[in-house]
Amino acid sequence: MINLRKSNERGHAAHGWLDTYHTFSFADYHDPKWMGFRSLRVINDDVVLPGRGFGMHPHRDMEIITYILSGALAHKDSMGNGRVISTGEFQYMSAGTGVFHSEANPSSEEAVHLLQIWIEPDAMGVTPRYAEKRMTDATSGLHLITSKTGRDGSLAIHQDSDLWLAKLQPGDRVAHPLASGRNAWVHVAEGEVVINGQTFSAGDAAAVAKESALELNGVKPAQVLLFDLN
């Protein structure tokens, strides 16, 4: 079963400095049909104008993953981290017992386009932590970004949630098996792909249940986030 979530059906807010689309209910956007999927709670598709950003604000008990699609983002947090993450980089922060952080576009000319992802943790009150993974030079195929155990060089997170990045060129094909009882969420970040016979464009997504595998075929150069969830 594949339940489509089309790009133009998402929640949308235009704040001048920030243009954002919400896959799931977030802030002033509320849809009881789209409160999250399994442990996946937030996918926000954000474009932040040059020199603007989110001031210092708190989080707790959430696994937060940011992926930069274009531009750069300056991050500072109460753990002492101060980094600029750029196109093709993933940033992970486990908020745990509580952290403050800020995110700003350091460029005076170029907007930054990013995806911010929240995953509910499987344990409350953990010690906050921070990590990054650079995928700028990743080749076509499926790449493991997060996992519960940190296997195969992935980022270890507090949830049994594997996040895969699929990078596809036209004609590329990748397959991902789903174990019995596992579910998936796919989100097309860029480009166009065919997933199990259905065409997806940038911003489109789907909840997947009771499928044994996912087959992704590249139509246009694409990046797809595939969440394998318990």
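Whatever comes next refers back to the structure up there.
Residues numbered from 1 in each chain as written. Predicted model: local features only at pLDDT ≥ 70, side-chain atom pairs only at ≥ 80, totals over all residues. Heavy atoms only, no water.

Draft legend 1. Representation of the sheet that holds strand β2 (residues 11-14) in the model. If you trace the seven strands from one edge of the open sheet to the other, you get β2-β3-β4-β11-β6-β9-β12, paired in antiparallel fashion. Strand pairing shows two members of the sheet lacking a second neighbour, β2 and β12 (129-134), which therefore form its edges. Between one strand axis and the next, the sheet turns by 15° as a mean value, whatever way the strands run. Alignment of β2 against strand β3 (residues 18-22), held across four bridges, turns out to be antiparallel. Within the sheet, the bridge partner assigned to His 12 lies in β3 and is Tyr 21. (Pairing = 2+ DSSP bridges. Helix = DSSP H or I, 4+ residues; strand = E, 2+ residues; numbered from the N terminus. Axes fitted to C-alpha atoms, helices over the stretch in contact; angles between N-to-C directions.)

Draft legend 2. Up close: the nonpolar core. Grouped together as the largest cluster of nonpolar side chains are 27 residues, with contacts concentrated most on Leu 40, Phe 90, Ile 117, Trp 185, Leu 225 and Phe 227. If sequence neighbours within four positions are ignored, Leu 225 has contacts with Phe 90, Leu 115, Ile 117, Leu 163, Trp 164, Leu 165, Trp 185, Val 186 and His 187. Judged by nonpolar contacts, the second largest core, of 20 residues, contains Leu 144, Ala 184, Ile 195 and Ala 206. (Core = buried A, V, L, I, M, F, W, Y, C linked by side-chain atoms within 4.5 Å. Buried < 20%, exposed > 50% of the residue type's maximum accessible area, 1.4 Å probe, protein only. Contact = heavy atoms within 4.5 Å.)

Draft legend 3. Examining the packing of aromatic side chains more closely. Tallied over the full model, the rule gives six aromatic pairs. Plain terms: the ring middles of Trp 34 and Trp 185 are 6.0 Å apart, the flat faces sit at 80° to each other, and that makes the pair edge-to-face. Of this pair, Trp 34 sits in the loop between β3 and β4 (40-48) while Trp 185 sits in strand β17 (residues 183-195); the two residues are 151 residues apart in sequence, bridging distant segments of the chain. Take Trp 34 and Trp 185: they sit in the same class, and that class is buried. When the ring of Phe 37 is compared with that of Trp 185, the centres are 5.6 Å apart and the planes differ by 45°; the resulting orientation is tilted. Linking Phe 37 in the loop between β3 and β4 with Trp 185 in strand β17, this pair joins segments that are 148 residues apart in sequence. There is no split in this pair, since Phe 37 and Trp 185 are both buried. Ring pairing ties together the aromatic residues Phe 24, Trp 34, Phe 37 and Trp 185, which thus form one cluster. (Phe/Tyr/Trp six-rings, centres within 6.5 Å; stacked < 30°, edge-to-face > 60°.)

Draft legend 4. Fine view of the sheet that holds strand β8 (residues 82-86). Pairing in this open sheet of four strands is antiparallel, and the strands run β5-β10-β7-β8 from one edge to the other. Strands with a single pairing partner mark the edges of an open sheet, and in this sheet they are β5 (53-59) and β8. Between one strand and the next, the sheet's axes are offset by a mean angle of 20°, whatever the strand orientation. Where strand β7 (residues 72-77) meets strand β10 (residues 99-104), four bridges bridge the pair, whose relative direction is antiparallel.

Draft legend 5. Highlighting unusual backbone geometry. A positive phi angle, close to 55°, is found at Ala 27, a residue other than glycine. Locating Ala 27 in the fold gives a position in the loop between β3 and β4.

Draft legend 6. Looking closely at the pattern of salt bridges. Inspection of every chain in the model, using the stated rule, returns 13 salt bridges. The partner of Asp 45 in a salt bridge is Arg 10, and the shortest N-O contact between them spans 3.3 Å. Note that Asp 45 is positioned in strand β4 and Arg 10 in the loop between β1 (2-5) and β2, a separation of 35 residues in sequence. On the basis of relative accessible area, Asp 45 is assigned to the buried category, the value being 10%. In this structure Arg 10 comes out as buried when scored by relative accessible area, which is 9%. Residues Glu 192 and Lys 220 are paired through a salt bridge, measuring 3.8 Å at the closest nitrogen-oxygen approach. Of this pair, Glu 192 sits in strand β17 while Lys 220 sits in strand β20 (residues 213-229); the two residues are 28 residues apart in sequence, bridging distant segments of the chain. Since its relative accessible area comes to 19%, Glu 192 is described here as buried. Salt bridges sharing partners connect three or more residues here, namely Arg 83, Glu 89 and Glu 132. (Salt bridge = Lys/Arg side-chain N within 4 Å of Asp/Glu carboxyl O.)

Draft legend 7. A look at the side chain of Ser 161. Structurally, Ser 161 is set in strand β15 (residues 161-168). A residue is classified by how much of its surface remains accessible, and Ser 161, at 0% relative accessible area, is buried. Not counting residues up to four positions away in its chain, the partners in contact with Ser 161 are Ser 39, Ile 119, Thr 146, Ser 147, Phe 227, Asp 228 and Leu 229.

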